[in-house]
Amino acid sequence: MPISSSSPTDLWLRGVAVNTGAPADVLSRLLDPAAGDARRILCEERWVPDEVVDAIVAHPDAKVRRAFAGNPHVPPAHRGRLADDPHDLVRATVAGGPRPRPRRPLPLPDDAVVTLLTAEERGAPERVTVGEIVSELMSSWQVSASFRYRMRRHEHPAVRSLAADVWGLLTAEEQKGLLADPHPDVRRAAEYHLWAGDAAAREAELPDPGRVRWQILNNYALPDALVEAALADPESRWCLAGNRYTPAEAVARLARDADPEVRVRVAARADLDPAVWAGLAEDPHEQVRTRARVQPLPRTPDQCLAVDHEMDEGAHDCECMIIELYTEPDPDWYRACAESEEVVLRLVAATCSTLPADLVARLAQDPHEEVRHRLAVRHPLAPAATVLEAFVARPRQRPYLLMQSRLPRTGLSHLLDHEDPEVRALAAADPTLAQAPVELLADPDDRVRRAAAANPLFAGEALEALLHDPATAEGAAANPGLSAPRLHALLDRAALPRCGAS
């Protein structure tokens, strides 16, 4: 059994850093540089009390603030307090979002986003520029569609121009307002949407293969000559099949393409002619038939996007982001999905966070395990038993599930001898076990030993003994049963100054 070579005080500090019962005055002492790696753990790897948040945000060491700026366990409002930090890397970390990135990132507060978008260079950039920080922000999933829409009349052009990103949500008058905006950057952002739909704006020849060609074929209206050239090129037809500007006649031709991947992409379009859809629903290729049949007409672009996302994820433990749709969920459509015989549509329903309790209960009993697991990972009302089932069966989802209050922490005695050490570690921490998990203190996996030693069923002399055993010292220091005076005493042994001490 490997034993840590760290000193006892290092082990205690790391344990105290994750101790859920440690009061704010104990945790604040770990912000001292002498705390070593425990300081990073406190700022980066756990929920932090408000009083400690205040101390971190005001801390003179940018490394402390930067660690906290990417903490996935704290609310965006806490991280957003660092949006105007004097250090560029701290601001860049706020903009880049928490790490590891949650499956469904929460948006930063409006004022934090505005601060990042409207910042000016503070002299010569040290490591990252304001523009690079904005790029990080816009690719971080922390700026919601609703923010973009609400900002359509904001006083600052850098903020106001974001409304063009949700062009389809704007009324005709609002679109005209952006096109006539007094600031050229706002007008440029709005004019892009007119330009993208103007086939005459494109040259009549295909550019050389590469990113520019890919962008044009996927996203812009094309003149007839360019459409014909793309139809004649096997490598271009897949792009054309998904381009929302592709003419109906070309779409009908692509629906008969020899390549099933092209036909699948056509089958995913929201604007299919009923006759084209009917032909694809009888296609000889199973994937093409399925993609057409799971979504009868009429269908919306957002509905197609939701189905494509689930079909692309497949059924094997994917860690893909949970997409944000630009329109409000249609409750009737999601109800129909939840009640559908199509597994793909039930997977879609499981991702809808507003799905009502009766349908959640229905999906929690779904015969297809991937539906149950998707529900566990994505729905706030997923039953505890369903969440636990997913935790045991889906190792790659565990880091995300461990951060959720929905994951059961009690009633886990049946998992104490599970073959997977991560599952044993979860069970070892159960405070409702019939007795302290003594046998797991000698487990070959250090995660299990730490979890067992942190179980509050250990107390008194038994807990003191664990604190002085190198194999269990870190876990014992994380035990929430330790009193504040005892925690302070451990930090005293590490010579950490008491808060307010000179």
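A quick note: this is a predicted structure, and the numbers were derived from the prediction, not measured.

The rules behind the values
Residues numbered from 1 in each chain as written. Predicted model: local features only at pLDDT ≥ 70, side-chain atom pairs only at ≥ 80, totals over all residues. Heavy atoms only, no water. Helix = DSSP H or I, 4+ residues; strand = E, 2+ residues; numbered from the N terminus. Buried < 20%, exposed > 50% of the residue type's maximum accessible area, 1.4 Å probe, protein only. Axes fitted to C-alpha atoms, helices over the stretch in contact; angles between N-to-C directions. Parallel < 35°, antiparallel > 145°, perpendicular 65-115°, else oblique. Left-handed = near helix turned anticlockwise from the far one by under 90°. Contact = heavy atoms within 4.5 Å. Nonpolar A, V, L, I, M, F, W, Y, C, P; charged D, E, K, R; others polar. Polar contact = N/O pair within 3.5 Å; in protein donor to acceptor, adjacent residues only side chain to side chain.

Undergrad: Before we go on, may I ask you to explain unusual backbone geometry in this structure?
TA: Peptide bonds are trans in most cases, and residues, glycine excluded, mostly fall at negative phi. At the junction of Arg99 and Pro100, the peptide bond is cis and its omega measures out at 0° in the coordinates. In this structure, Pro100 sits in the loop between α7 (88-96) and α8 (110-117). With omega at -5°, the peptide bond leading from Leu297 into Pro298 counts as cis. With respect to the element layout, Pro298 can be found in the loop between α20 (286-293) and α21 (301-313). For Ala495, which is not a glycine, the phi torsion comes out positive at approximately 60°. Turning to its location among the elements, Ala495 is positioned in the segment after α32 (484-493). For Ala495, a relative accessible area of 60% gives the class exposed.

Undergrad: Help me understand the packing of helix α22 (residues 331-338) against helix α23 (residues 343-350) in this model?
TA: Packed helices, taken two at a time, are described by the angle between their axes plus the distance between the axes. Direction vectors running N to C along α22 and α23 enclose 130°, while the axes themselves pass 7 Å from each other. When the axes of α22 and α23 are compared, the pair comes out oblique. Along this stretch, α22 crosses α23, giving a crossing that reads as left-handed. Contacts from Trp333, Tyr334, Cys337 and Ala338 in α22 reach Leu345, Arg346, Val348 and Ala349 in α23. Here the residues of the contact of α22 with α23 are counted per class, giving 7 nonpolar, no polar and 1 charged.

Undergrad: Looking at this structure, I do not really get the packing of helix α15 (residues 224-231) against helix α16 (residues 234-242). What am I missing?
TA: Relative orientation of the contacting elements α15 and α16 amounts to 125°, with a least axis distance of 7 Å. Relative to α16, the element α15 lies oblique. Taking contact as the criterion, the partners of Val227, Ala230 and Leu231 in α15 are, on α16, Ser236, Arg237 and Leu240. Here the residues of the contact of α15 with α16 are counted per class, giving 4 nonpolar, 1 polar and 1 charged.

Undergrad: Is there a simple way to explain the side chain of Asn71 in this structure?
TA: With respect to the element layout, Asn71 can be found in the loop between α5 (62-69) and α6 (76-80). A polar contact of 2.8 Å, which involves the side chain of Asn71, links it to the backbone oxygen of Cys43. A distance of 3.0 Å separates a polar atom in the side chain of Asn71 from the backbone oxygen of Arg46. Every residue in contact with Asn71, bar those within four places of it in the chain, is listed here: Leu42, Cys43, Glu44, Glu45, Arg46, Val48, Arg79 and Pro98.

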